[in-house]
Amino acid sequence: QKEVEQNSGPLSVPEGAIASLNCTYSDRVSQSFFWYRQYSGKSPELIMSIYSNGDKEDGRFTAQLNKASQYVSLLIRDSQPSDSATYLCAVNGNNRLAFGKGNQVVVIP
Amino acid sequence: NAGVTQTPKFHILKTGQSMTLQCAQDMNHGYLSWYRQDPGMGLRRIHYSVAAGITDKGEVPDGYNVSRSNTEDFPLRLESAAPSQTSVYFCASRQTDEQYFGPGTRLTVT
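Nothing here was measured: the structure is a model prediction, and the numbers come from that model.

Draft legend 1. Examining the state of the cysteines more closely. Scanning the entire structure with this criterion turns up two disulfides over all chains. The disulfide partner of Cys23 of chain A is Cys89 of chain A, and the gap between their sulfur atoms is 2.0 Å. Every disulfide takes its handedness from the sign of the S-S torsion; for Cys23 of chain A and Cys89 of chain A that torsion is -70°, giving left-handed. Placement of the pair is Cys23 of chain A in strand S3 (residues 19-25) and Cys89 of chain A in strand S9 (residues 85-93), with a sequence separation of 66 residues. For Cys23 of chain A, a relative accessible area of 0% translates into the label buried. The disulfide bridge from Cys23 of chain B ends at Cys91 of chain B, spanning 1.9 Å between sulfur atoms. Here the S-S torsion is close to -60°, and the disulfide linking Cys23 of chain B with Cys91 of chain B is therefore left-handed. Of the two residues, Cys23 of chain B sits in strand S3 (residues 19-25) while Cys91 of chain B sits in strand S9 (residues 87-94), which places them 68 residues apart along the sequence.

Structure (structure tokens):
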């Protein structure tokens, strides 16, 4: 089983809709979870961190964590064309950050 | 604060040549890492350092060397470049959990 798995994309959403991204991880002792956004040709940019079960909201972004089921998700509300990017899930276990391969999101105007 | 800086932005190298990718951070972070990113492979860690004077291997260290003489700088050296080292290289720094990436170096080995 891969350490961090993201369902294959790309995900196309109309402007104004909700984009939903999921990520599962294998290491049960993982304690911290992150979402990065990466525009084409640019470096990953940290957009959300979540450490405890439940939801965490920041603007149009909501991260959800369920440690029992070992998944973390990201919702993007009111999707904008500027949200078109690849989103990377990262999980910190044993002081090492493991990354998923990413999900491409395309917001269609 | 500039955060994490990397030079050069782009470089073309011939097989067998050597070069050093530079990474510097001004956030007084202890933990620095080098990653490479290849299509379909995601981000893979090459080497990392938890403090000045301490370095360790990541998942894909072969063909690369690092050193950490101070807190700010963490250069990555390719001693004898191979076409398989064509990639985008990112340096990243963190103090606690949150990690921040530099802008990257796109390296082509011909």
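Draft legend 2. Structural detail: the interface of chain B and chain A. Counting from both sides, the interface comprises 19 residues of chain B and, opposite them, 18 residues of chain A. Between chain B and chain A lies a buried interface of about 1400 Å² when both sides are counted; carbon and sulfur atoms form 50% of it. At the boundary of chain B with chain A, the tally comes to one salt bridge. Arg96 of chain A is the salt-bridge partner of Glu59 of chain B, the closest N and O atoms lying 3.6 Å from each other. Linking chain B with chain A are seven residue pairs in polar contact (both at pLDDT 80 or more), by the criterion used here. Looking at the side of chain B that touches chain A residue by residue, the class counts come to eight nonpolar, five polar and six charged.

Draft legend 3. Spotlight on the sheet that holds S3 of chain B. All names here are of chain B. Here we have four strands laid out as an open sheet, ordered S1-S3-S8-S7, and antiparallel in their pairing. Edge positions in the open sheet fall to strand S1 (4-7) and strand S7 (64-66), since each of these has one partner strand only. In this sheet, adjacent strand axes meet at a mean angle of 20° when their direction is disregarded. Direction of pairing for S7 relative to strand S8 (residues 76-78): antiparallel, over a ladder of three bridges. What sits directly across from Asn65, in S8, is Arg77.

Draft legend 4. Examining the packing of aromatic side chains more closely. For the structure shown, the criterion picks out 10 aromatic pairs over all chains. Seen from their ring centres, Tyr36 of chain A and Phe99 of chain A are 5.6 Å apart, and the 55° between their planes marks the pair as tilted. Of this pair, Tyr36 of chain A sits in strand S4 (residues 32-38) while Phe99 of chain A sits in strand S10 (residues 96-99), placing them 63 residues apart in sequence. Judged by relative accessible area, which is 12%, Phe99 of chain A ranks as buried. Ring-pair connections join several aromatic residues into one group, and the members of that group are Tyr36 and Phe99 of chain A together with Tyr35, Phe90 and Phe101 of chain B. Arg45 of chain B extends its terminal NZ or CZ atom over the ring of Tyr48 of chain B, reaching a point 3.8 Å from the ring centre. Geometry around Tyr31 of chain B places Arg94 of chain B over its ring, the cationic atom sitting 4.0 Å from the centre.

How each quantity is defined
Residues numbered from 1 in each chain as written. Chains lettered and ligands numbered in written order. Predicted model: local features only at pLDDT ≥ 70, side-chain atom pairs only at ≥ 80, totals over all residues. Heavy atoms only, no water. Disulfide = S-S within 2.5 Å. Helix = DSSP H or I, 4+ residues; strand = E, 2+ residues; numbered from the N terminus. Buried < 20%, exposed > 50% of the residue type's maximum accessible area, 1.4 Å probe, protein only. Contact = heavy atoms within 4.5 Å. Buried area = accessible area lost by both parts, 1.4 Å probe. Salt bridge = Lys/Arg side-chain N within 4 Å of Asp/Glu carboxyl O. Polar contact = N/O pair within 3.5 Å; in protein donor to acceptor, adjacent residues only side chain to side chain. Nonpolar A, V, L, I, M, F, W, Y, C, P; charged D, E, K, R; others polar. Pairing = 2+ DSSP bridges. Axes fitted to C-alpha atoms, helices over the stretch in contact; angles between N-to-C directions. Phe/Tyr/Trp six-rings, centres within 6.5 Å; stacked < 30°, edge-to-face > 60°. Lys NZ or Arg CZ within 6 Å of the ring centre and 35° of its normal.

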